[in-house]
Number of protein chains: 2
Amino acid sequence: MRIVALAGGIGGARFLRGLQQAAPEADITVIGNIGDDISLFGLRVCPDLDTVMYTLGGGINEEQGWGRADETFTIREELAAYEVGPSWFTLGDRDFATHIVRTQMLDAGYPLSAVTEALCERWKPGVRLLPMSDDRVETHVVIEEEQGRRAVHFQEWWVRLHAQVPARSIVAVGAEDAKPAPGVLEALDAADFVILPPSNPVVSVGTILSVPGIRPAVAAKTVVGVSPIIGGAPVRGMADACLTAIGVETSAGAVAAHYGADLLDGWLVDTADAALEGDLDGIAVRARPLLMTDVDAAADIARAAVDLARELA
Amino acid sequence: MRIVALAGGIGGARFLRGLQQAAPEADITVIGNIGDDISLFGLRVCPDLDTVMYTLGGGINEEQGWGRADETFTIREELAAYEVGPSWFTLGDRDFATHIVRTQMLDAGYPLSAVTEALCERWKPGVRLLPMSDDRVETHVVIEEEQGRRAVHFQEWWVRLHAQVPARSIVAVGAEDAKPAPGVLEALDAADFVILPPSNPVVSVGTILSVPGIRPAVAAKTVVGVSPIIGGAPVRGMADACLTAIGVETSAGAVAAHYGADLLDGWLVDTADAALEGDLDGIAVRARPLLMTDVDAAADIARAAVDLARELA
């Protein structure tokens, strides 16, 4: 069984760990979002790819869902002593090492896909992890401040401003001219079905789909999504702020409609949204508990997604 | 009193700390060696400049003489887990932060002199620390191995090979075309005298003097040197291997002759070399204990150097 999943960070990574437990024999390719990548202290940081890699590789800080377990913060302390910022983005020493290795390889000319593969040789995540593109795509958010409108890097809006300043628009800068990374279209073509984990539909899954060629390749397959919205609110994160920015209501039904029946074949919603069950303009909707309280719970959800996909395929 | 000192790493830094104690009112400019700078993990490392900065700024690991006090090695551990080398050059987490800040500034276009000044804003070493040049000069060592001759970076010979493989020659690559960093010639011009601490005469002081314009500007001043060789052996380090490579005997007298009477006016040797006292082909030689066992001992030696320089000026 060949499965392709499009993943953002924490929610995607936790779902994927469940998927591995639910389908241990499956050949899983993960297409990871790079829109939230950022250069900090001269180093290239890929938060979503790393969250997937660390989570599936056993190196994640389980409590916070991102960053490394047993992390230390000596470098952060030193950078503060040098008064070198930004201080709002936390990088631990172990995490820094990943960015040092990545940046050194990128500077040597390796594309991000090759770098990610090299990093995964250590972590052995048990999936093939591909960045959506080897080209640079950066999500920028247009916010309105007293001084006027300005575009900030997604991380500045998300981490520094906690998405509290309303976003006027969200743009995946560079996406138009980006090409899918080597292996992305091939994996989609070979897939039995595609799963959209409960990642952010705008700045994670949406950004991946914005790379020319990816959306049609996904739409050509049986696609089952897991709603990141339960009872009108995001399970975690601030997806509501992103949905509002693009004019989509924060509800499981609205997100399904936003993805569209041309893309989605099946849609898992929480029992809180059981009223949506049935056929939603051509999308088969099933309700079940969607809280990933632990790996077993994530595996149960993943199993339901796989079952629905096989049923619809 | 305006003093300029040309310094390498550990020996130079310890001497300078003594000089500050011996001449607390002096305006001291240090011209630092950059020949042993190396790029590791994509970061620019300047061992000699950092040793001076950390030592005078109170951040040095006192026992080993280089690197940071209270150092941790998380990144080193992580790089090993990624199987990314070289592993023979030890960089601690605190030290890494310095190289991250430096590399980020260099990549942004700042010259090394400006970067060093910025780093010193934190460390406040109490001296003006100038790299000998903003141009890249790298000391390479030609060694003979079974496979034939090859040139290696100085650090590879010094740290990885412990200078155990005989050096056929030592070359300061890039020195010919390098220019003194801004402030170097001005500081020399304004100096009352110049001191050569007991740094390596070949790969530290020698490299600094190899930058066109620096040697004549030094020679135009009263210059007093402190012998790094006591009784036919280097006080620390492997200066003998460097001297042998350039055909100079490992003795206090031979090093003075190598610097030459056109450069040196005074030369402090250890009491073990008291036989040299007097006039050595135009260089005034004085013998006194030269072991820098602690800061007070270093201050005594520095005071003797200052006294001799004032006498000869």
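Residues numbered from 1 in each chain as written. Chains lettered and ligands numbered in written order. Predicted model: local features only at pLDDT ≥ 70, side-chain atom pairs only at ≥ 80, totals over all residues. Heavy atoms only, no water.

Looking at an unreviewed UniProt entry, chain A carries the name 2-phospho-L-lactate transferase, with the source organism given as Actinoallomurus liliacearum.

Considering the overall build of chain A
Quick note on the threshold: Secondary structure elements follow DSSP: runs of H or I of four or more residues count as helices, runs of E of two or more count as strands, with numbering from the N terminus. Radius of gyration means the value over C-alpha atoms here, while the globule rule gives 2.2 Å times the residue count to the 0.38 power. Throughout, exposure labels follow a simple rule: accessible area from a 1.4 Å probe, protein chains only, divided by the maximum for the residue type, with under 20% read as buried, over 50% as exposed, and the rest as partly exposed. Accessible areas in this description were obtained via Shrake-Rupley with a 1.4 Å probe; residue shielding takes into account the shown protein chains only. Charged residues are defined here as Lys and Arg on the positive side and Asp and Glu on the negative side; His and the ends of the chain fall outside this count. Note that the charge is assigned to NZ on lysines, CZ on arginines, CG on aspartates and CD on glutamates.
Helices and strands together make up the secondary structure of chain A, namely 12 helices and 15 strands. In terms of overall dimensions, chain A is globule-like: its C-alpha atoms have a radius of gyration of 19 Å, near the 20 Å expected for 313 residues. When each of the 313 residues of chain A is scored for burial, the buried share is 57%. Approximately 12300 Å² of chain A is accessible, and the part contributed by carbon and sulfur atoms is 48%. Chain A carries 24 positive and 44 negative side-chain charges, and their two centres are separated by 2 Å.

Observations concerning the relation of the copies chain B and chain A
Rule in force here: Least squares is used to superpose the copies, and the fit set is the C-alpha atoms of residues whose pLDDT is at least 70 in both copies. Contact between two residues is taken to exist if any of their heavy atoms lie within 4.5 Å; hydrogens are not considered.
When chain B is fitted onto chain A, the two copies agree to an RMSD of 0.0 Å after a turn of 180° and an axial shift of 0.0 Å. Read as a symmetry element, the transformation amounts to a two-fold axis. Within chain B, aspartate 93 of chain B has its C-alpha nearest the rotation axis, a separation of 3.7 Å. Comparing interface residues between copies, 100% of those in chain B also lie at the interface in chain A; the contact surface is shared.

Concerning the sheet that holds strand E9 (residues 193–196) of chain A
Residue and element names in this part refer to chain A. So the rule is basically this: Strand pairing follows a simple DSSP-based rule, namely that at least 2 bridges must link the two strands. Only the stretch in contact is used when a helix axis is fitted, and all axes are lines through C-alpha atoms; the angle between N-to-C directions ranges over 0 to 180 degrees.
An order of E5-E2-E1-E9-E10-E13-E15-E14 is seen for the eight strands of this open sheet, with the pairing classed as mixed. The open sheet is flanked by strand E5 (128–131) and strand E14 (278–280), the only strands paired with a single partner. The average angle at which neighbouring strand axes cross in this sheet is 25°, direction not considered. Two strands pair when backbone bridges link them, and E14 and strand E15 (residues 283–287) are joined in this way by three bridges, in the antiparallel orientation. Among the inter-strand pairings, aspartate 279 is bridged to a residue of E15, identified as alanine 284.

Notes on unusual backbone geometry
Look at the link from glycine 85 of chain A to proline 86 of chain A: it is a cis peptide, with omega at 10°. Relative to the helices and strands, proline 86 of chain A is located in the loop between helix H3 (74–81) and helix H4 (93–107). One non-glycine residue, phenylalanine 41 of chain B, lies in the positive phi region at around 55°. For phenylalanine 41 of chain B, the location among the structural elements is in the loop between strand E3 (38–40) and strand E4 (43–45). Judged by its relative accessible area of 6%, phenylalanine 41 of chain B is buried. Unlike most non-glycine residues, histidine 162 of chain B shows phi in positive territory, near 50°.

Overview of the interface of chain B and chain A
The accessible area lost on association of the parts is a frequent measure of interface size. For clarity, the threshold we go by: By definition, the buried area sums, over both parts, the 1.4 Å-probe accessible area that each loses when the two are put together. Any Lys or Arg side-chain nitrogen found within 4 Å of a carboxyl oxygen on Asp or Glu counts as a salt bridge. In the analysis that follows, any N or O atom pair within 3.5 Å is treated as a polar contact, provided that within protein one partner can donate a hydrogen and the other can accept it, and provided that, for residues neighboring in sequence, both atoms belong to side chains. Any residue outside Ala, Val, Leu, Ile, Met, Phe, Trp, Tyr, Cys, Pro, Asp, Glu, Lys and Arg is labelled polar, Gly included; the first ten of those are nonpolar and the last four are charged.
Facing the 26 residues of chain B at the interface are 26 residues of chain A. Surface buried jointly by chain B and chain A totals about 2200 Å² across both partners, of which 62% is contributed by carbon and sulfur atoms. A salt bridge links arginine 68 of chain B to glutamate 78 of chain A, with the shortest nitrogen-to-oxygen separation between them at 2.7 Å. At the boundary of chain B and chain A, one finds 14 residue pairs in polar contact (both at pLDDT 80 or more). Secondary-structure elements contributing two or more residues to the side of chain B that touches chain A are helix H2 (47–57), helix H3 (74–81), helix H4 (93–107) and helix H5 (112–123) of chain B. Here the element with the most residues in the side of chain B that touches chain A is H4 of chain B; it accounts for eight residues. Along the lines of polarity and charge, the residues of the side of chain B that touches chain A split into 15 nonpolar, five polar and six charged.

Some points on the environment of valine 152 of chain B
Residues and elements named next belong to chain B. Note that valine 152 resides in strand E7 (residues 148–153). In this structure valine 152 comes out as buried when scored by relative accessible area, which is 2%. Sequence separation of valine 152 and isoleucine 170 is 18 residues, and the distance between their C-alpha atoms is 9.7 Å. Beyond its immediate chain neighbours, meaning those up to four positions away, valine 152 contacts Thr139, His140, Val141, Ile143 and Trp157.

What to know about the pairing of strand E7 (residues 148–153) of chain A
Residues and elements named next belong to chain A. Bridge count for strand E6 (residues 138–145) against E7 is six bridges, and the pairing is antiparallel. The partner of glutamate 145 across the bridge, within E7, is glycine 148. Adjacent in sequence and paired antiparallel, E6 and E7 are bridged by two residues.

Considerations on the pattern of salt bridges
All names here are of chain A. Applying the stated criterion across every chain yields a total of 34 salt bridges over all chains. With its nearest N and O atoms 2.9 Å apart, the salt bridge here joins arginine 303 to aspartate 300. One end of the pair, arginine 303, and the other, aspartate 300, are both in helix H12 (residues 295–312), three residues apart, so they sit about a helical turn from each other. Owing to a relative accessible area of 37%, aspartate 300 belongs among the partly exposed residues under this scheme.

Quick word on the packing of aromatic side chains
All names here are of chain A. Going by this rule: A pair of Phe, Tyr and Trp rings is counted when the ring centres sit within 6.5 Å of each other, with Trp represented by its six-membered ring. The angle between the planes then sorts it: under 30 degrees is stacked, over 60 is edge-to-face, the rest tilted.
All chains considered together, the criterion is met by 14 aromatic pairs over all chains. Summarising the aromatic geometry, the rings of phenylalanine 41 and phenylalanine 96 are spaced 6.0 Å apart at their centres and angled 45° between planes, so their arrangement reads as tilted. Highlighted residues: phenylalanine 41 in the loop between strand E3 (38–40) and strand E4 (43–45) and phenylalanine 96 in helix H4, separated in sequence by 55 residues. Looking at phenylalanine 96, the relative accessible area reads 1%, which means it is buried. Pairing tyrosine 259 with tryptophan 267 gives two aromatic rings, centres 5.9 Å apart and planes at 75°, and the pair type is edge-to-face. Cluster of aromatic residues (ring-pair linked, three or more members): Phe154, Trp157 and Trp158.

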